[in-house]
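Descriptive analysis of the structure
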Amino acid sequence: MLPRTTSARLVRRLVPLFALLSGLAPALEAQASARAIPSPASMLGWEPGADRKLPTWKQVTDYWTALDKASPRVTVRTLGKTTLGRPFLVAFISDSATLANLPKYERIQQELLDPRKRRTARERLIAEGKNVILITSSIHSTEVGGFLTPFNLGDRLARAATPEARMILANTIVMLVPSQNPDGVDIVGDWYRSSLDKPHEGAGPPVLYHWYSGHDNNRDWYAFALNETRYVVDSLYGRWTPQIVNDVHQQGANAGRIFIPPYMDPVEPNIDPVLTASTNALGMAMSWRIMNDGLTGVATNAAYDQWSPARQYSLNHHGARILTETASARLASSIDLPFAQLGSGRGYDAKVASWNFPAVWPGGRWGIGDIVKYQTAASWALLVEAARDRAAWLESYARLGERALDPAHPWTTTEVPAQYVISKSQPDPAALQRLIWTLQHGQVEVLESEDGTSYVVPTRQPFGSYAKALLEAQAYPNLAEYPGGPPKRPYDVTAHTLPLLFGVKVTVEKAAVTRVGALAKAVAEPTYRVPGLSDGTRRIALYASWNASMDEGWTRWVLDRNQVKFTTVHDRDLRAGGLRDRFDAIILPDQSAAQLRRGLGAPYPDSLRGGIGDAGAAALKAFVNAGGTVLAFNEASLYAIETFGLPVHNALEGVKATEFYAPGSIFSVDVDRAHPLTQGFSAPTPGIWFEDSPAFEITDATRATAVLRYPAGGNHLLSGWLLGNKLLDGKAAMVDARVGQGHVVLYGFRPQYRSQTNATWPLIWSALRR
Ligand SMILES: [Zn+2]
């Protein structure tokens, strides 16, 4: 027998000859190259989906490196280093001839996207172009099926052994990101392997699986705070602007087996309606296809909405977005789910067939193999359906670009101003710089005014609708579960107004009155420093619960970016006492009082259980009595009220959601400018991020004072959604309480919210500095 490589070369040489005689060439070529393609099992030592098996990131990168070497249909690139230093990969997958000409297809894509750049006839661009499809897997690292599904997709496409695979390759450029959070593959994988055969096998890790954000890492698609978001935006979205994005996730275990769009209401009003329609059409076709292949428990129009641009970059950048959410097990360990234990998803009952849940899953064992099977089937269905309609996708994509520039076609029912004007003279120059950097990073064209004093953002530009969504105040619709019923919970939060978050004044011009000059140069990201803190003389502690809080991670991001040194303290550090000898200030990030008090319980090991506990609470009291400052963010303020016996009451305690509701909005406040804690709080419109927050009544004014207050009789909503406006009237939003020689500062809001609230950072600095 000839060595494999020789025989493959021989077949390749003979292929053109055969091709003249028969139509067998593609099949033979596929056979020849398939011999050299390493199977996932040969690289891993087990099949993707094997029970209780997860890969390391090294195994993932080794596989893609080997596949790149073996297959002319796969090109792997490293886009940079992750937050913790691992390589961040993308695999480009297409026909070898397409891969050899990627710059040509990138140019076609850009000409289709932006009519101003067209040098080639539209018909030719559509005839020659490919569907560019971005697949991002396992951004959420406890959704472990996403570690493995890319192996299956890579293998099937690299082998090109079926007519479907060949049709996909001929019509598509796949950009496959095997994990959007490589650090989490090892954080969760190492934890899982160490938990095998122990009581906590299958439980989530006691730390955030993204260093700064944990699960919030998919809420970063307009702020770009994380390296991992930036790589994909800079190198893939920015250069390729894909027609379709497939974001591979997992949901809870007990309802449907998989969710595929259409999404639920509401839709963000600035998203082009054609993108909503194409997302719906593709999702329904995928659902049809995988059900035809025998899969059950497929839910559409359920649970997930289409509102926050934090989660959906593509829908704001001319790309359909297919989120799939497959039911979870316990990491890679199986569970038994009898039919009787199945529950309801939002929008369907998993025990009852309905129009958007046509085939009920009968219940039974569910594990990593099932998850990988569903995820692979759904992604494959997407690729097949999109490839079959390639020309229609490109036609639709070209029209999105044309409509964005055409004033005769408003994309939304809300009023579209001509432009937004941002004066270069702002109270916080770093916040202005961040705003311009953020817009430019999201592919928004920012112009200079002719006199050079302002930036101008016209709405008639390729991503003008996205700019509008971020620069205007949100009016979230008043949705109820049923007429007169409780408010319909949004999937995430309801506001994303950058000028309010950052503290920058922006004016709206309905007609273009400002004389506009050239495109502004790319603005650099600001570097932050805090006078009196970045020099490192204050001794600051940040509490990190083993019941990991995303707000703790984001607080670290804000401290690191502002070059403020701090020490992370865990339960045992607090319980050990002697805190005043070590620290001047201790931050309790946003976390419920019960979680802070009790922390983790069963089935976690004893070393992780118990929370701050009685000993930790006593030590915190001693710390404040001896002159220390405790900063309690949002829900942690309720823990502080109890622990320190503060003369403060939460006016919203026990209030029903039908009477008061605000799940992530920006509220207006009155500022006590004479109070030392408001020094440096310079936002032109003082607003705070309110999310499941308390509102304070002070019961003893000699021991506590209001720093920020909701004005009596005012409209408190600046952006988002608020039911029960009047319940906030006259309540305090931030309180400074005196305890012994020290202070406890209560923030009835999130002073740093997912890295984004530049405007209220100074309210943290002032308390840390005191
Ligand atoms: Zn997820």
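All of the points below concern the structure found in this document. If you're wondering where the values come from, they're calculated on a predicted model, not measured in any experiment. (Residues numbered from 1 in each chain as written. Predicted model: local features only at pLDDT ≥ 70, side-chain atom pairs only at ≥ 80, totals over all residues. Heavy atoms only, no water.)

1. Remarks on the nonpolar core
- By size, the foremost hydrophobic cluster in this structure holds 149 residues, and its most contacted members are W64 and I422.
- The greatest single-element share of this core, amounting to twelve residues, is contributed by helix α13 (residues 368-388).
- Excluding its chain neighbours within four sequence positions, the residues that come into contact with I422 are L432, L435, I436, L439, S454, Y455, V457, V504, K505 and V506.
- Ranked by size, the runner-up nonpolar core spans 46 residues in total, among them L559, I587, I688 and L763. (Core = buried A, V, L, I, M, F, W, Y, C linked by side-chain atoms within 4.5 Å. Buried < 20%, exposed > 50% of the residue type's maximum accessible area, 1.4 Å probe, protein only. Helix = DSSP H or I, 4+ residues; strand = E, 2+ residues; numbered from the N terminus. Contact = heavy atoms within 4.5 Å.)

2. Here we look at empty space enclosed by the protein
- With the rule as written, the count across this model stands at eight cavities of 30 Å³ or more.
- For the largest cavity, the calculated volume is near 130 Å³.
- Lining the largest cavity we find 15 residues, and of these D272, H318, A404, W411 and S465 sit closest to its centre.
- At the level of secondary structure, the elements contributing two or more residues to the lining of the largest cavity comprise α14 (390-405) and α16 (464-471).
- The element best represented in the lining of the largest cavity is α14, accounting for three residues.
- The residue makeup of the lining of the largest cavity, split by class, is six nonpolar, seven polar and two charged.
- What lines the second largest cavity is simply T136, I139, Q180, W221, Y237, V245, D247, R311, Q312, Y313, S314 and R321.
- Residues of the lining of the second largest cavity, tallied by class, amount to five nonpolar, four polar and three charged. (1 Å grid on protein atoms, 1.4 Å probe; cavity = no way out; pocket = protein on both sides within 12 Å on 5 of 7 lines; lining within 4 Å. Points joined across faces, edges and corners; volume = space filled by probe spheres on them. Nonpolar A, V, L, I, M, F, W, Y, C, P; charged D, E, K, R; others polar.)

3. Section: the coordination of the zinc ion
- Note on the zinc ion: its protein donors are H140 (ND1), E143 (OE), E143 (OE) and H249 (ND1). The metal-donor distances range over 2.1 to 2.3 Å.
- All donor residues of the zinc ion come from one chain, and their arrangement in sequence is H-x2-E-x105-H. E143 matches H140 in its accessibility class, with the two residues each being buried. (Donors = N, O, S within 2.8 Å, 3.2 Å for Na, K, Ca; no water.)

4. Re the layout of surface pockets
- Here the largest pocket is characterised by a volume of approximately 990 Å³.
- For the largest pocket, the lining is made up of 36 residues, of which H215, D216, R219, M550 and E691 are closest to its centre.
- For the lining of the largest pocket, the per-class residue count stands at 15 nonpolar, ten polar and eleven charged.
- Taken as a whole, the second largest pocket spans an internal volume of roughly 440 Å³.
- What lines the second largest pocket is a set of 23 residues, and nearest its centre among them are K117, G238, Q440, Q443 and F463.
- When residues of the lining of the second largest pocket are traced back to their parent elements, those giving at least two are α6 (102-113), α11 (227-240) and α15 (429-441).
- The greatest single-element share of the lining of the second largest pocket, amounting to four residues, is contributed by α11.
- Taken together, the residues of the lining of the second largest pocket break down into nine nonpolar, seven polar and seven charged.

5. Focus on the sheet that holds strand β27 (residues 687-691)
- Reading across from one edge, β27-β25-β30 is the order of the three strands in this open sheet, with antiparallel pairing throughout. Single-partner strands in this sheet number two, and they are β27 and β30 (717-719). Direction aside, the axes of adjacent strands within the sheet are offset by 45° on average.
- Alignment of strand β25 (residues 663-668) against β27, held across five bridges, turns out to be antiparallel. Bridging across to β27, F667 finds its partner in I688. (Pairing = 2+ DSSP bridges. Axes fitted to C-alpha atoms, helices over the stretch in contact; angles between N-to-C directions.)

6. Concerning the sheet that holds strand β8 (residues 298-299)
- Taken in spatial order, the eight strands of this open sheet run β1-β2-β4-β3-β5-β10-β6-β8, and their pairing is mixed. Every other strand in the sheet has two partners, leaving β1 (74-81) and β8 as the edge strands with one partner each.
- As judged from the five bridges shared by strand β3 (residues 131-137) and strand β5 (residues 244-251), these two strands associate in the parallel manner. If you follow L134 over to β5, its bridge partner there is V245.

7. So, the environment of W689
- Along the chain, the position of W689 falls in strand β27.
- Overall, W689 belongs to the buried group, its relative accessible area being 1%.
- Ignoring any residue separated from it by four or fewer positions in sequence, one finds W689 in contact with V493, A495, L501, G664, S665, I666, F749, R750, Y753 and T757.
- Here E691 takes part through its side chain, which lies 2.7 Å from a polar atom of the side chain of W689. (Polar contact = N/O pair within 3.5 Å; in protein donor to acceptor, adjacent residues only side chain to side chain.)

8. A few points about the pattern of salt bridges
- Enumeration according to the criterion identifies 46 salt bridges in this entry.
- Close ionic contact of D183 with R86 constitutes a salt bridge, the shortest N to O distance being 2.9 Å. Placement of D183 in helix α10 (residues 182-195) and of R86 in the loop between β1 and β2 (87-93) is noted, with a sequence separation of 97 residues between them.
- Given a relative accessible area of 0%, D183 falls into the buried group.
- Between E450 and R515 there is a salt bridge, with its nearest N and O atoms 2.9 Å apart. Of this pair, E450 sits in the loop between β16 (447-449) and β17 (454-458) while R515 sits in the loop between β18 (507-509) and β19 (516-519); the two residues are 65 residues apart in sequence, bridging distant segments of the chain. Residues E450 and R515 agree in their burial class; the two are exposed.
- Connected through shared salt-bridge partners, R118, R122, E395, R399 and E402 make up one network. (Salt bridge = Lys/Arg side-chain N within 4 Å of Asp/Glu carboxyl O.)

9. A word on the side chain of D186
- Looking at where D186 falls in the secondary structure, it is placed in helix α10.
- Residues within four places of D186 in sequence aside, it is in contact with T56, W57, R86 and W191.

10. Structural notes on the packing of helix α12 (residues 273-292) against α14
- Two elements in contact, α12 and α14, have axes whose closest approach is 11 Å; the angle formed by their N-to-C orientations is 160°. Taken together, the axes of α12 and α14 are roughly antiparallel relative to one another. At the point where α12 passes α14, the crossing takes the left-handed sense. In this structure, α12 contributes V274, L275, S278 and L282 to the contact, and α14 contributes W393, S396, L400 and R403.
- Its residues assigned to classes, the contact of α12 with α14 comprises five nonpolar, two polar and one charged. (Parallel < 35°, antiparallel > 145°, perpendicular 65-115°, else oblique. Left-handed = near helix turned anticlockwise from the far one by under 90°.)

11. Quick look at helix α8 (residues 145-159)
- Over its 15 residues, α8 runs 22 Å from end to end, which matches the ideal 21 Å to within 8%, given 1.5 Å per residue.
- Counting buried positions along α8 yields 14 of 15 residues, so the element is predominantly enclosed.
- Where α8 terminates, the next one or two residues include A160, which has phi positive at roughly 50°. (Expected span 1.5 Å × (residues − 1).)

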